[in-house]
Amino acid sequence: MRLPVGVKVGAFALVVMGTYTYYANSIPQIQSKPPAELSLEGGNVTPAQLVKAGEEIFKTKGTCEICHRIGQPGTRAPDLAGVGARAAKRKPGLSAKQYIIESLLQPGAYIVEGYPNIMPAVDKPPIALNRSEVWALTAFLESLGGTVDVTLDDIPKTVGAAAAGGAPAELKIPGDPKAGEVVFTGKAGCIACHKAGKIGASPVGPDLSQIARIQPPDYIMKKILDPAGAGTVAGYPKGVMPPMFGQSLTAKEYVDLVAFLMTLK
Ligand code: HEC
Ligand code: HEC
């Protein structure tokens, strides 16, 4: 990792870096608290601190590791080792920094070859990172083979605005999750191919145990009705997930099933 001396990080301080230890399993008494927010306001933060904060977000609140790994293929997404270097060559006219920011905020703008367009925008639910967090995460990704030169001004001011207030963070699904679990294990037979938390063990399809942490309801709803149209998860064969659930399930069964899947966090 290269950190140029003159990196301009602006006048901001790392206020709650330590709060990321909320996630450490070793502190059971505060485990159930909602995810801490990283706020970088008033003061100074060094590039090294920024990268460290970004790495924490990558491993915890960002949920990136459910899909990506660094130095080995991820379960659903590309290996991010060296992304700070290859980012400069991804899109003509975009610097490494610009490409990385775009890949976080508008993942569908450039699709890495061999992967489906299934990465959620990181500043929207369910991941919903704020502007400081996207800044730190960008610095961390730049540090993977590139130069850390991102400033807070590079991150659009609108980032995370929805999560900070105003718009409701989570859409409530009207179904009954308990009834949906019965559909999952019974009539729909999803359990034949998917693990889902405490139930199921099949490796035929991806483990759905944390699906609601990494995907919004619209992806899950579309996947059930049109598996191929929603994009085939990397590393799994196309056409194995049955395409006829839209016909075989009643509207109530479908909504209950979605409500059940939304509990998998
Ligand atoms: C649901 C799975 C999923 C999650 C969660 C996810 N990603 Fe991705 N990501 C993907 C997939 C699939 C691709 C490749 C397709 C594409 O380009 O959009 C990708 C592409 C990327 C790329 C571009 C890589 C390149 O080589 O050009 C970056 C950078 C990235 N993700 C970073 C992140 C970070 C950081 C997080 C956590 C905040 C994250 N992703 C969360 C699935 C995911
Ligand atoms: C015959 C096996 C099979 C059955 C039955 C099946 N699936 Fe799948 N499913 C797969 C496979 C294989 C994939 C990965 C390939 C793809 O994306 O199509 C997948 C992918 C998914 C995904 C995307 C996971 C991710 O990580 O993005 C969801 C969500 C999903 N299935 C839900 C369901 C639900 C809900 C049911 C029951 C209504 C179901 N599946 C039934 C095989 C199956």
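Let's talk about the pattern of salt bridges
Scanning the entire structure with this criterion turns up 9 salt bridges. With a closest N to O distance of 3.9 Å, Lys124 and Asp123 form a salt bridge. For Lys187, the salt bridge identified is with Glu253, shortest N-O distance 2.8 Å. Pair noted here: Lys187 is in the loop between helix H6 (177–185) and helix H7 (211–214) and Glu253 is in helix H10 (residues 251–261), with a separation of 66 residues, a long-range link. Taking relative accessible area as the criterion, Lys187 reaches 52% and is therefore assigned exposed. Given a relative accessible area of 19%, Glu253 falls into the buried group.

A short note on the site of ligand 2
The environment of ligand 2 is made up of 25 residues, and the closest members are Arg76, Cys190, Cys193, His194 and Met241. Residue His194 places a side-chain N or O atom 2.8 Å away from a nitrogen atom belonging to ligand 2. A distance of 2.9 Å is found between an oxygen atom of ligand 2 and a backbone nitrogen or oxygen belonging to Val233. For the shell around ligand 2, the secondary structure elements donating two or more residues are helix H8 (217–225) and H10. By residue number, the principal contributor to the shell around ligand 2 is H8, which donates 3 residues. Split into classes, the residues belonging to the shell around ligand 2 amount to 18 nonpolar, 5 polar and 2 charged.

What to know about the coordination of the iron atom of ligand 1
The coordination sphere of the iron atom of ligand 1 contains the protein donors His68 (NE2) and Met119 (SD), at a distance range of 2.0 to 2.2 Å. Exposure remark for His68: the relative accessible area of 11% places this residue in the buried category.

Brief notes about the packing of helix H2 (residues 83–90) against helix H3 (residues 96–105)
Where H2 contacts H3, the two axes come as close as 7 Å, and the packing angle between them is 95 degrees. Regarding the angle of H2 to H3, the classification is roughly perpendicular. Touching Gly84, Ala87, Ala88 and Arg90 of H2 are Ala96, Tyr99 and Ile100, all from H3. Of the residues assigned to the contact of H2 with H3, the class counts are 5 nonpolar, 1 polar and 1 charged.

Re the coordination of the iron atom of ligand 2
Reference geometry at the metal: tetrahedral coordination by four donors gives ideal angles of 109.5 degrees; octahedral coordination by six donors gives 90 or 180 degrees. Taken together, the protein ligands of the iron atom of ligand 2 are His194 (NE2) and Met241 (SD), with distances of 2.0 to 2.2 Å. Viewed at the metal, the 6 donor atoms of the iron atom of ligand 2 are separated by angles of 82 to 178 degrees, and the geometry they form is octahedral. Here the residue His194 occupies a position in the loop between H6 and H7, and Met241 occupies one in the loop between H8 and helix H9 (245–248), the gap between them amounting to 47 residues. The exposure class assigned to His194 is buried, which follows from its relative accessible area of 11%.

Here we look at H8
Looking at H8, one finds that the buried residues are Pro217, Tyr219, Ile220, Lys223 and Ile224. For H8, the angular spread of buried residues about the axis comes to 165 degrees, placing them on one side. Contact partners of the buried residues in H8: H7, H9 and H10.

Quick word on the side chain of Lys97
Structurally, the position occupied by Lys97 is in helix H3. Lys97 gets classed as buried once you look at its relative accessible area, which sits at 18%. Polar contacts involving the side chain of Lys97 include one to the side chain of Asp154, which spans 3.1 Å. Lys97 has contacts with Glu142, Asp149, Val150 and Asp154, leaving out every residue within four places of it along the chain.

Reading the values: the criteria
In this convention, every chain numbers its residues from 1, walking through the sequence in written order. The order in which chains are written sets their letters, starting at A; the order in which ligands are written sets their numbers, starting at 1. Given that the model is predicted, a residue must reach a pLDDT of at least 70 before its local features are reported, and side-chain atom pairs must reach 80 or more before they are shown or counted; all residues, however, enter totals for whole chains, interfaces and linings. Derived side-chain values reflect all non-hydrogen atoms in the structure, with water molecules and hydrogen atoms excluded from consideration. Any Lys or Arg side-chain nitrogen found within 4 Å of a carboxyl oxygen on Asp or Glu counts as a salt bridge. Note on conventions: DSSP H or I runs of at least 4 residues are helices, E runs of at least 2 residues are strands, and numbering of each starts at the N terminus. Three exposure classes are used, based on accessible area relative to the maximum for each residue type with a 1.4 Å probe and protein chains only: buried under 20%, partly exposed in between, and exposed over 50%. If a single non-hydrogen atom of a residue is within 4 Å of a molecule or strand, that residue counts as near it. Residues adjacent in sequence count toward polar contacts only when both atoms are side-chain atoms; beyond that, a polar contact is any pair of N or O atoms within 3.5 Å, and within protein one must be able to donate a hydrogen and the other to accept it. All residues other than Ala, Val, Leu, Ile, Met, Phe, Trp, Tyr, Cys, Pro, Asp, Glu, Lys and Arg, Gly among them, are scored as polar; the first ten of these are nonpolar and the last four charged. Coordination partners: N, O, S within 2.8 Å of the metal, 3.2 Å for Na, K and Ca; water not considered, so apparent gaps in a site are possible. Axis angles are defined between N-to-C directions and span 0 to 180 degrees, where every axis is a line fitted to C-alpha atoms and, for a helix, only to the segment in contact. An angle counts as roughly parallel when it lies under 35 degrees, as roughly antiparallel when it exceeds 145, as roughly perpendicular when it falls between 65 and 115, and as oblique in every other case. Contact between two residues is taken to exist if any of their heavy atoms lie within 4.5 Å; hydrogens are not considered. Square planar and octahedral assignments, for four and six donors respectively, both demand that opposite donors be over 155 degrees apart and that all other angles lie between 65 and 115; tetrahedral needs four donors with all angles between 85 and 135 degrees, and anything else is irregular. It is the directions from the helix axis to the C-beta atoms whose arc is reported.

In short, the description is geometric, and any link to function would need to be established separately.
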